[in-house]
Amino acid sequence: MKFDTPAGTNPIDQQKVVGRAHSRIDGPLKTTGTAPYAYEFHREVADVAYGYVVGSAVAKGRIRAMNLRDAKAAPGVIAIVTAADAGKLGKGNYNTAKLLGGPEVDHYHQAIAVVVAETFEQARAAAALIRVDYDRGAGRFDLDEGLKTAPLTGGNSGEGSESPPEHRVGKFEEAFAAARVKLDALYTTPDHSHAMMEPFASIAAWNGDKLTLWTSNQMIDWGRSDLAKTLGMPKEKIRFLSPYVGGGFGGKLFLRTDAVLAALGARAAKRPVKLALQRPLIANNTTHRPATRQRIRIGTTPDGTITAIAHESGSGDLPGGGPETAVNQTELLYAGANRLTSLRLAVLDLPEGNAMRAPGEAPGMMALEIAIDEVAEKLGMDPIAFRVKNDTQVDPKTPTRRFSQRNLVRCLEEGADRFGWSRRQVKPAQVRDGRWLVGMGVAAAFRNHLALPSGARVRLGRDGVVTVETDMTDIGTGSYTIIAQTAAEMMGVPIEQVAVKLGDSSFPISAGSGGQFGAASATSGVYAACVKLREAVAQRLGFNSADAQFTGGKVTSGNRSATLAQAAAAGELVVEDKMEWGDLGKEMQQSTFGAHFVEVGVDAYTGVTRVRRMLAVCAAGRILNPVTARSQMIGAMTMGVGGALMEALEVDKRFGFFVNHDLAGYEVPVHADIPHQEVIFLDEADPTANPLKAKGVGELGLCGVGAAVANAIYNATGVRVRDYPITLDKHLEKLPAIA
């Protein structure tokens with residue numbers, strides 16, 4: 001099925017199941033600990049051995065020698081695999097660095113060996129006996145130094161955030177010079193770790209020349225394709241399974257070391273091998289969100305009309321990598337006749353930078369939405385009024401191209417009313433609650449809508465049960481539930497009569513989970529397959545498919561009626577289809593919008609910040625399930641608090657690695673850090689997006705949160721911090737006296 005005209009009325013519009021609150025159908029498995037995650041599939045695999053990865057102890061250089069003698073002789077050791085005996089390996093399309101290094105070393109903790117033993121403890125002990133001699137090379141580890149000579153470089157996150165090396169509209173420099181009110185400021189964001197609960201983990205088992213891999217991965221087809229390319233074998237000989245993923249945040253979009261080394265270890269040991277990356281390796285061996293340096297210049301007229309806006313960002317990555325696309329939202333969010341955006345990329349020998357939840361917009365809006373507040377203050381305008389004044393219903397860089405829907409102003413205004421924005425004191429540091437300085441902050445939320453092709457297979461059994469099969473994944477987002485809701489709505493059955501099977505490469509290829517495209521794309525693929533199944537059911541029953549009604553487990557056409565089970569009485573009905581996309585996304589700009597409101601308290605004596613309350617208002621098309629959508633939002637809002645107040649990978653610029661590479665040193669928010677969170681979804685549906693008229697929310701909930709926290713801190717204290725995270729040392733000495 002091809003979606004190339006706006007959706008008209010269809011069965012989804014009944015909203016008997018879709019759009020309704022429904023608990024996760026996989027909830028009982030997860031709360032009882034019986035959902036089989038990647039490292040737990042030993043229940044299906046006999047005689048499993050254990051793998052342990054050895055990471056490089058240098059960030060740049062060459063392995064001169066590896067002494068494996070003691071490790072091979074250690075108790076329980078079955079095999080050791082290094083690049084020297086792994087055979088020729090290719091490199092996948094989605095990883096920048098090789099997943100098994102040697103003799104050249106590209107970054108710290110790059111995998112250089114895997115030890116396979118009877119037990120995990122034996123594998124770990126043997127790995128400690130490997131002796132490696134290195135010729136250490138000079139590395140580039142300082143982003144600020146690298147950006148001094150970094151070239152302009154365009155980038156594409158692959159998730160809807162894309163920018164050329166430099167983009168100009170009008171004459172920015174002239175307009176900025178002539179502006180009556182100006183801001184020129186530098187904002188910095190640090191490297192971030194995905195820090196998901198479930199580590200990167202895989203179990204590999206060979207049967208002759210065929211490989212089965214149980215793994216934790218967001219994108220089944222991408223992972224399977226890259227594994228085939230890496231191992232130099234036909235894709236068809238790999239079965240790739242990931243039915244449950246314990247968090248990914250973009251880090252598991254791509255094939256990683258655990259999958260490759262589990263496969264290599266299993267081949268060498270001639271036994272199934274299970275392997276999980278130890279937590280210290282996750283930060284340095286896998287991927288992270290790159291640090292940025294962002295210069296923002298805004299010029300306005302005295303009445304607050306933006307006449308010039310520039311956003312220039314620099315980041316770093318390994319050779320062959322790409323920049324963080326932090327300027328993308330600035331091309332679309334506010335009006336302004338004269339515009340400049342640009343990206344610079346420094347070559348660094350730090351671990352690979354790549355997608356992390358809302359790549360581009362997340363760090364970009366941490367800067368932009370502080371800058372917007374700073375300009376509003378210079379103008380003496382309310383920050384919301386300034387945003388509203390510069391709203392646009394057209395793409396600022398292509399004014400003939402309209403937004404399909406844009407309810408940013410409504411999000412800001414309804415949020416202000418609900419949050420009590422009118423009580424905010426314009427002058428900072430005016431509200432006190434005992435020892436606490438209290439302030440409010442706001443930021444816009446923005447994330448592009450992206451649709452990817454997505455397929456599904458739907459079965460109707462003799463018992464009337466509808467089974468959906470697609471290689472879509474569920475990373476805690478509720479995919480199982482919204483897919484079941486879609487099929488139930490289309491086939492006119494209760495959700496309990498739908499079975500959903502996900503995360504298996506033997507199923508049709510879906511969009512996968514990432515970039516806020518998963519829910520809308522995957523359910524559209526299920527919609528397409530269900531349209532075909534409805535036609536097959538009508539034909540089997542001899543009904544006119546054009547007027548057949550599916551409701552209450554029955555099919556009715558004219559004065560005739562039959563149950564779905566009757567339609568399958570002669571044998572199971574099986575259909576398959578795929579949703580593909582026309583040019584609607586090119587003809588108009590499809591985006592999601594929102595507004596984040598935050599109240600903080602800052603201890604006037606210690607500088608400690610506590611978030612007191614949070615509100616998000618979202619406009620993201622039809623909400624498929626308010627329960628799972630709210631969970632996505634509050635999770636993203638929590639992540640935004642982490643980025644604002646505590647999260648940062650600290651770089652050792654001498655030796656080129658992230659020092660705080662575990663969950664003890666890399667701080668993330670815990671329950672005590674997060675207060676009441678409220679989420680409001682505007683009632684809207686976008687017929688240009690897909691047949692369900694839905695968009696994503698998973699990343700919209702993050703974009704802008706950091707800036708809202710920063711703006712609230714400024715309102716509380718009068719101290720402006722442009723360097724994330726906003727830790728107490730950055731404003732303690734400047735806090736106002738309250739005695």
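Anyway, here's the lowdown on the structure attached to this text. As the structure is a computational prediction, the values presented were derived from the model and not from experiment. (Residues numbered from 1 in each chain as written. Predicted model: local features only at pLDDT ≥ 70, side-chain atom pairs only at ≥ 80, totals over all residues. Heavy atoms only, no water.)

Overview of the overall build of the protein chain
Phase 1 of the analysis: For the protein chain, the count of helices and strands is 17 helices and 34 strands.
Phase 2 of the analysis: In terms of overall size, the protein chain behaves like a compact globule, its C-alpha atoms giving a radius of gyration of 27 Å where 739 residues would be expected to give roughly 27 Å.
Phase 3 of the analysis: Projected onto the principal axes, the alpha-carbon positions of the protein chain cover approximately 80 × 75 × 50 Å.
Phase 4 of the analysis: For the protein chain, the residues scored as buried account for 62% of the 739 residues in total.
Phase 5 of the analysis: The contacts of the protein chain with a sequence gap of at least 6 include a subset with a gap of at least 24, amounting to 81%.
Phase 6 of the analysis: If you sum the accessible surface of the protein chain, you get close to 26,900 Å²; carbon and sulfur atoms cover 50% of it.
Phase 7 of the analysis: The protein chain carries 82 positive and 80 negative side-chain charges, and their two centres are separated by 1 Å. (Helix = DSSP H or I, 4+ residues; strand = E, 2+ residues; numbered from the N terminus. Rg over C-alpha atoms; globule rule 2.2 N^0.38 Å. Buried < 20%, exposed > 50% of the residue type's maximum accessible area, 1.4 Å probe, protein only. Contact = heavy atoms within 4.5 Å. Areas by Shrake-Rupley, 256 points an atom, 1.4 Å probe, with all protein chains shown as cover. Lys, Arg positive; Asp, Glu negative; His and termini not counted. Charge placed at Lys NZ, Arg CZ, Asp CG, Glu CD.)

What about the state of the cysteines?
Phase 1 of the analysis: Summed over all chains, the structure comprises zero disulfides.
Phase 2 of the analysis: No disulfide involves Cys703; its sulfur sits 11 Å from the nearest other cysteine sulfur, which is in Cys618. (Disulfide = S-S within 2.5 Å.)

Overview of the pairing of strand E4 (residues 77-82)
Phase 1 of the analysis: Judged by how many residues are buried, E4 sits mostly within the fold: five of six residues are covered.
Phase 2 of the analysis: Both E4 and strand E6 (residues 111-117) contribute to a ladder of five bridges, which runs antiparallel. Bridge pairing in E6 places Thr82 opposite Ala113. (Pairing = 2+ DSSP bridges.)

What about helix H13 (residues 518-541)?
Phase 1 of the analysis: With 24 residues, H13 extends 34 Å between its outermost C-alpha atoms, agreeing within 8% with the 34 Å of an ideal straight helix rising 1.5 Å per residue.
Phase 2 of the analysis: Within H13, 19 of the 24 residues are buried, which leaves it mostly tucked inside the rest of the structure.
Phase 3 of the analysis: Note on H13: the residue one or two positions beyond its end, Gly542, has a positive phi of about 75°. (Expected span 1.5 Å × (residues − 1).)

Let's talk about the packing of helix H12 (residues 479-491) against H13
Phase 1 of the analysis: Remark: H12 packs on H13, axes separated minimally by 9 Å, with the N-to-C direction vectors making an angle of 30°. By the angle class used here, H12 and H13 are roughly parallel. Seen along the crossing, H12 lies across H13 with a hand that is right-handed. Facing Ile482, Ile483, Thr486, Ala487, Met490 and Met491 of H12, the residues of H13 in contact are Ala519, Ala522, Thr523, Val526, Tyr527, Cys530, Val531, Leu533, Arg534 and Val537.
Phase 2 of the analysis: Classifying every residue of the contact of H12 with H13 gives 13 nonpolar, two polar and one charged. (Axes fitted to C-alpha atoms, helices over the stretch in contact; angles between N-to-C directions. Parallel < 35°, antiparallel > 145°, perpendicular 65-115°, else oblique. Left-handed = near helix turned anticlockwise from the far one by under 90°. Nonpolar A, V, L, I, M, F, W, Y, C, P; charged D, E, K, R; others polar.)

What to know about unusual backbone geometry
Phase 1 of the analysis: Cis geometry is adopted by the peptide bond preceding Pro103, which originates at Gly102 and carries an omega value of -5°.
Phase 2 of the analysis: Residue position: Pro103 is located in the loop between E4 and strand E5 (104-105).
Phase 3 of the analysis: Between Tyr724 and Pro725 the backbone carries a cis peptide bond, its omega angle lying at -5°.
Phase 4 of the analysis: Not every positive phi belongs to a glycine, and Asp47 is a case in point at roughly 60°.

Side note on the sheet that holds E6
Each strand in a sheet pairs with its neighbour through backbone hydrogen bonds, running either in the same direction (parallel) or in the opposite one (antiparallel).
Phase 1 of the analysis: With mixed pairing, seven strands are arranged side by side in an open sheet as E4-E6-E2-E15-E12-E13-E14. Either end of the sheet is taken by a strand with one partner, and the two such strands are E4 and strand E14 (238-241). Neighbour-to-neighbour, the strand axes of this sheet turn through a mean angle of 20°, independent of strand direction.
Phase 2 of the analysis: With respect to the sheet, helix H3 (residues 120-127) is in contact with strand E2 (49-55), E4 and E6, its orientation differing from that of E2 by roughly 30°.
Phase 3 of the analysis: Taken strand by strand, helix H7 (residues 257-269) contacts E2, E4, E6, strand E12 (201-207), strand E13 (210-215) and strand E15 (273-276), and its axis lies near 35° from that of E12.

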